[in-house]
Amino acid sequence: MNHTNVTLRVNEVDYPISISTERNLSGVLRETIGLTGTKEGCDDCECGACMVLLDGQPINSCSYLAVQAEGCAITTVEGLADGDELHALQRNILEAGGVQCGFCTPGMLMSARALLDRTPDPTDEEIRIGLSGNLCRCTGYARIIDAVRTTAVELSN
Amino acid sequence: MSFLRANTADEAVQLLAEGARPIAGGTDLVVGARQGKAPLPQNLVAIDRIAELGVIEATESHIRIGSGVTHAQLMVDPLIVDRLTGVADAAALVGSPATRNVGTVGGNIMNGSPAMDTGAPLMALGAVAELRSIEGTREVALTDLWCGPGRTTARPDELCTALLIPSPRDQIGSAYVRLEYRRAMEIAVVGAAACMALDAGVIVSIRLALTAVAPTIQEVTGLDVLIGERADDKSFAAIAELARDQAQPISDVRASDHYRRHTVGVMAQRAGHAAASRANGDLITVPVNRALGIGAAS
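Each residue is numbered by its place in its chain's sequence as written, counting from 1. Written order determines the labels here, with chains lettered from A and ligands numbered from 1. Only residues with pLDDT of at least 70 are given local features in this predicted model, and only at 80 or more are side-chain atom pairs given and counted; all residues enter the totals for whole chains, interfaces and linings. Only heavy atoms go into the side-chain values, all of them from the structure, while hydrogens and water stay out.

### Here's the deal with the layout of surface pockets
Residues and elements named next belong to chain B.
- One number sums up the size of the second largest pocket: a volume of about 350 Å³.
- A 1.4 Å probe that fits but cannot get out identifies a cavity on a 1 Å grid over protein atoms alone, an open set with protein on both sides within 12 Å along at least five of seven lines counts as a pocket, and a residue lines either if it has an atom within 4 Å of a point. Taken together, 21 residues form the lining of the second largest pocket, with Val 81, Asp 82, Thr 85, Ile 172 and Arg 278 sitting closest to its centre.
- Elements are defined by DSSP. Helices are runs of H or I of four residues or more, strands are runs of E of two residues or more, and each kind is numbered from the N terminus. The set of elements that each furnish at least two residues to the lining of the second largest pocket consists of α4 (78-83), β11 (172-179) and α11 (257-279). Grid points are joined across faces, edges and corners, and a volume is the space filled by probe spheres set on the points.

### Digging into the sheet that holds strand β1 (residues 3-10) of chain A
Residue and element names in this part refer to chain A.
- Here we have five strands laid out as an open sheet, ordered β2-β1-β5-β3-β4, and mixed in their pairing. For this open sheet the edge positions go to β2 (13-20) and β4 (57-60), each flanked by a neighbour on one side alone. Within this sheet the neighbouring strands show an average axis-to-axis angle of 40°, counted without direction.
- Any two strands with at least two DSSP-identified bridges between them are counted as paired. Sheet topology places β1 next to β2; eight bridges connect them, and they run antiparallel. Residue pairing for β2: His 3 is matched across the bridge by Ser 20.
- Whether two residues are in contact is decided by their heavy atoms, any of which lying within 4.5 Å being enough. Here an axis means a line fitted to C-alpha atoms, over the contact stretch when the element is a helix, while the angle between two N-to-C directions is reported on a 0 to 180 degree scale. Sitting on the sheet, helix α3 (residues 105-118) is in contact with β3 (51-54), β4 and β5 (73-75), with an inclination near 35° to β3.

### Remarks on the domain arrangement of chain A
All names here are of chain A.
- Domain assignment breaks chain A into domain 1 (3-79) and domain 2 (88-156).
- Its C-alpha centre places domain 1 at a distance of 21 Å from the equivalent point of domain 2.
- Counting residues at the interface gives 17 residues for domain 1, matched by 13 residues for domain 2.
- Ranking the residues of domain 1 by area buried against domain 2 places Met 51, Leu 53 and Val 77 at the top, with a combined share of 38%.
- Listing elements by their share of the side of domain 1 that touches domain 2, those giving two or more residues are β3 and β4.
- Looking at which element gives the most residues to the side of domain 1 that touches domain 2, the answer is β3, with three residues. Where a domain begins and ends is set by an automatic assignment or by a domain database. A 1.4 Å probe defines the accessible area here, and the buried area is the portion of it lost by two parts on being joined, summed over both.

Next up, the structure:
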């Protein structure tokens, strides 16, 4: 298998790695770089558990070639917290009861983060569209949406 | 396998001539490979950072949409929302925000799925694909581009560089409506796009194209009988009937053939109604699917 040398910039850290061309970004993040916060659910672009940000925009990392992400700023769920201090979205999703099994949570957080960066004061409909690529089979979504709304209010104050 | 990145369309077509195949957002290519539908091409050339492919511009005669324009760009671009509204309707329905951020109109068109969303509105608006190779550039109408599911008449060394749409006249409206079971990451069960020009409520021109009821996006013929008629419920019912008559649906996991035949008529009727309303200057926000309440209740 041909390997390519690339440097991926993840959460503001450069990772020089050698990977084969066909590897997907989620696999490289988890297995090569060791950042296992990003989850692989369906591996079929359906569930959004693998959501990461590429230059601030959410993408499904299970279906994105890792080599293609070179030169972009990649943000994973590990990049949300500031040291031991959780990001407001993380704190609020916990407090709202928006986490049950937790498998969808990293992807939800990344979609929510991109939404709030772009739309600091979203309507409920905009929150629903922002999270529409993320499936959750536990919570029924209401408390996740509550957490995003609470965070928007908190960050705007 | 090799992976190269092209910075210009010229570089890209040179690499295509040497046997490489293009990748933009990879939302069809990579998903398909991981599903085992088709392996990734041996040699890939990334075209997603070619600036010249990411431009939407209006010339005197045409609106030109670069093939690298993403669905996220299309759905909010003022020129597209205002003049080619049906294309914005379709782009806003593709996948999820993540898909729309990296998925491109060129990829949607050249992937050739009969269920693609942007194909029907672009066909109804008379779009032409600009195909470039090291030998030059040629234009192929979308009506001549697709020749089967996942198949086009483009050569492997040709790169779709743009979609060219004749500048719509003032009193024209377009709309794309699809049947969907989920509001995101969904593929059209069936869909219909209409483009209509009106003069004082009377139909001056009309085109209709259907999604996911034939081996390719399919244009409906015989609509000329509606020219000179009022854009009213009777005409919309006639549109539905023509769509049902000409659809060639199959049964699969998503829907039966007779359900598809029935519902494509409903979609055609609604697309016709929305296109006529827009031609009258009524504001229906993008995507029209949401205004109509199609899909799961919010």
